[in-house]
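In case you want the letters, here they are:
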Amino acid sequence: AQSVTQLGSHVSVSEGALVLLRCNYSSSVPPYLFWYVQYPNQGLQLLLKYTTGATLVKGINGFEAEFKKSETSFHLTKPSAHMSDAAEYFCAVSDLNTGKLIFGQGTTLQVKP
Amino acid sequence: SAVISQKPSRDICQRGTSLTIQCQVDSQVTMMFWYRQQPGQSLTLIATANQGSEATYESGFVIDKFPISRPNLTFSTLTVSNLSPEDSSIYLCSVEDPGGRTATNEKLFFGSGTQLSVL
């Protein structure tokens, strides 16, 4: 069965600094991977997804993630943090048998001025 | 895309009562999903609701505690019954991209959630 682990429930960076949110997965088959963002008092919004093809995936708001099969990772990065990036971020893997999404526990990103 | 209206956005309920959460979508969708997000934890799928059939519940969730209705392709309700403080969570409605379901739920849209607090 698939599972997702997000390392670090809380990450704090300074404005303009690199953002790195870690996600590792376990899957017996090539996974489909997702990053969602949840801004305060809002629903989840898809940031980016990896299905097939290029392993470096670009998403909205300057975020990108790289699928590394050898490391079973799908870390989310952004070169320069903005105050508006403060939110909770969820990594998810799709169960290819059922089509259901399995979420990690989430990482809260704090951006300091 | 899909626009999801979920209500109430928050509620405070007494132990032993029930809360019904509504989810309205601006497009017809086959599958709707209900998730729970407990404090400090990840999203957990409660059940999948297909129009015209009974909801399919995940392990650990039962119909008596979380009855679901799906009367048509744009609407669903989730009831959390016999509330206890442990039910205090955010409950989220989710739908697949109505533009066309893929085999792997490539894109889900989420409502803004219902924050439930049980006293």
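Fair warning: this is a prediction, and the values are worked out from it, not measured in the lab.

Would you mind going over the sheet that holds strand S1 (residues 3-7) of chain A with me for this structure?
Adjacent strands of a sheet pair through backbone hydrogen bonds, lying either parallel or antiparallel. Residues and elements named next belong to chain A. Across the sheet, which stays open at both edges, the five strands sit in the order S1-S3-S8-S7-S6 with antiparallel pairing between neighbours. The open sheet has two free edges, formed respectively by S1 and strand S6 (56-58), since each of these has just one partner strand. Each strand axis lies, on average, 20 degrees off the axis of its neighbour in the sheet, ignoring direction. In this sheet, strand S8 (residues 73-78) lies alongside strand S7 (residues 64-68) in antiparallel orientation, the contact comprising five bridges. Of the residues in S8, the one forming a bridge with phenylalanine 67 is phenylalanine 74.

Hey, could you run me through unusual backbone geometry in this one?
Excluding glycine, most residues fall at negative phi; most peptide bonds, likewise, are trans. Following lysine 7 of chain B, the chain continues to proline 8 of chain B via a peptide bond in cis, the omega torsion being 5 degrees. Within the secondary structure, proline 8 of chain B is located in the loop between strand S1 (4-7) and strand S2 (10-13). For threonine 72 of chain A, which is not a glycine, the phi torsion comes out positive at approximately 45 degrees. Within the secondary structure layout, threonine 72 of chain A lies in the loop between S7 and S8. Backbone geometry at asparagine 82 of chain B places phi at a positive 45 degrees, although glycine is not the residue there. For asparagine 82 of chain B, a relative accessible area of 54% puts it in the exposed group.

So, how was this worked out
Residues numbered from 1 in each chain as written. Chains lettered and ligands numbered in written order. Predicted model: local features only at pLDDT ≥ 70, side-chain atom pairs only at ≥ 80, totals over all residues. Heavy atoms only, no water. Pairing = 2+ DSSP bridges. Helix = DSSP H or I, 4+ residues; strand = E, 2+ residues; numbered from the N terminus. Axes fitted to C-alpha atoms, helices over the stretch in contact; angles between N-to-C directions. Buried < 20%, exposed > 50% of the residue type's maximum accessible area, 1.4 Å probe, protein only.

Note that every value here comes from positions in space, so none of it alone points to a role or purpose.
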